[in-house]
Amino acid sequence: MPPESRLSAEGRPQAADRLDDDQYPAYTMGRAAELIGATPGFLRALGEAGLVSPTRSEGGHRRYSRQQLRRAARARELVDQGTPIEAACRIVRLEDDLEAALRMNEELRREAEAPGGNGERRGE
């Protein structure tokens, strides 16, 4: 949640702030399946494979965030290309890991190149 976010009297983010939150579980299973062009059964299979872990509403219904829908949509692309669902889930996880490592590498590079940063290579 961004630091400038406002909280309600109950200590929760206000509704307007949740609209921009990629982690907020805004989509029901039916709507999520419709958005990615899949079936609810496909989303359940992704949950069983551990690729997405939907939040449960007070009534026990699965709720998905935009980030989870992006991962599910990527898995669906791979499955549509003939990749088994377990392999598709593994590929999506590896892609996410690679993206995070590249982001971290870029941050470290910027820190090292910043004025006052230690831009020297080790061993020099």
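Coordinates for the structure precede this section.
Residues numbered from 1 in each chain as written. Predicted model: local features only at pLDDT ≥ 70, side-chain atom pairs only at ≥ 80, totals over all residues. Heavy atoms only, no water.

Colleague: Could you clarify how one ought to interpret the packing of helix 2 (residues 29-36) against helix 3 (residues 40-48) in this entry?
Modeller: In helix packing, the relevant descriptors are the interaxial angle and the interaxial distance, both defined with respect to the helix axes. Remark: helix 2 packs on helix 3, axes separated minimally by 8 Å, with the N-to-C direction vectors making an angle of 100 degrees. One way to sum up the angle between helix 2 and helix 3 is to call them roughly perpendicular. Contacts between helix 2 and helix 3 involve M29, A32, A33 and I36 on the former and, on the latter, P40, F42, L43 and R44. Classifying every residue of the contact of helix 2 with helix 3 gives seven nonpolar, no polar and one charged. (Axes fitted to C-alpha atoms, helices over the stretch in contact; angles between N-to-C directions. Helix = DSSP H or I, 4+ residues; strand = E, 2+ residues; numbered from the N terminus. Parallel < 35°, antiparallel > 145°, perpendicular 65-115°, else oblique. Contact = heavy atoms within 4.5 Å. Nonpolar A, V, L, I, M, F, W, Y, C, P; charged D, E, K, R; others polar.)

Colleague: Would you explain the side chain of Q68 in this entry?
Modeller: By the element assignment, Q68 lies in helix 4 (residues 66-80). Residue classification places Q68 among the buried positions, given a relative accessible area of 14%. Of note is the side chain of Q68, whose polar atom sits 2.9 Å from the backbone nitrogen of S65. (Buried < 20%, exposed > 50% of the residue type's maximum accessible area, 1.4 Å probe, protein only. Polar contact = N/O pair within 3.5 Å; in protein donor to acceptor, adjacent residues only side chain to side chain.)

Colleague: How do you make sense of the packing of helix 4 against helix 5 (residues 85-113) when you look at a structure like this?
Modeller: Direction vectors running N to C along helix 4 and helix 5 enclose 130 degrees, while the axes themselves pass 9 Å from each other. Judged by the angle between their axes, helix 4 and helix 5 are oblique. The chirality of how helix 4 crosses helix 5 is right-handed. Across the interface between the two elements, R71, R74, A75, L78 and V79 of helix 4 pack against I85, A88, I91, V92, R93, E95 and D96 of helix 5. For the contact of helix 4 with helix 5, the class distribution of residues is seven nonpolar, no polar and five charged. (Left-handed = near helix turned anticlockwise from the far one by under 90°.)

Read these as layout, nothing more, since geometry by itself doesn't imply function.
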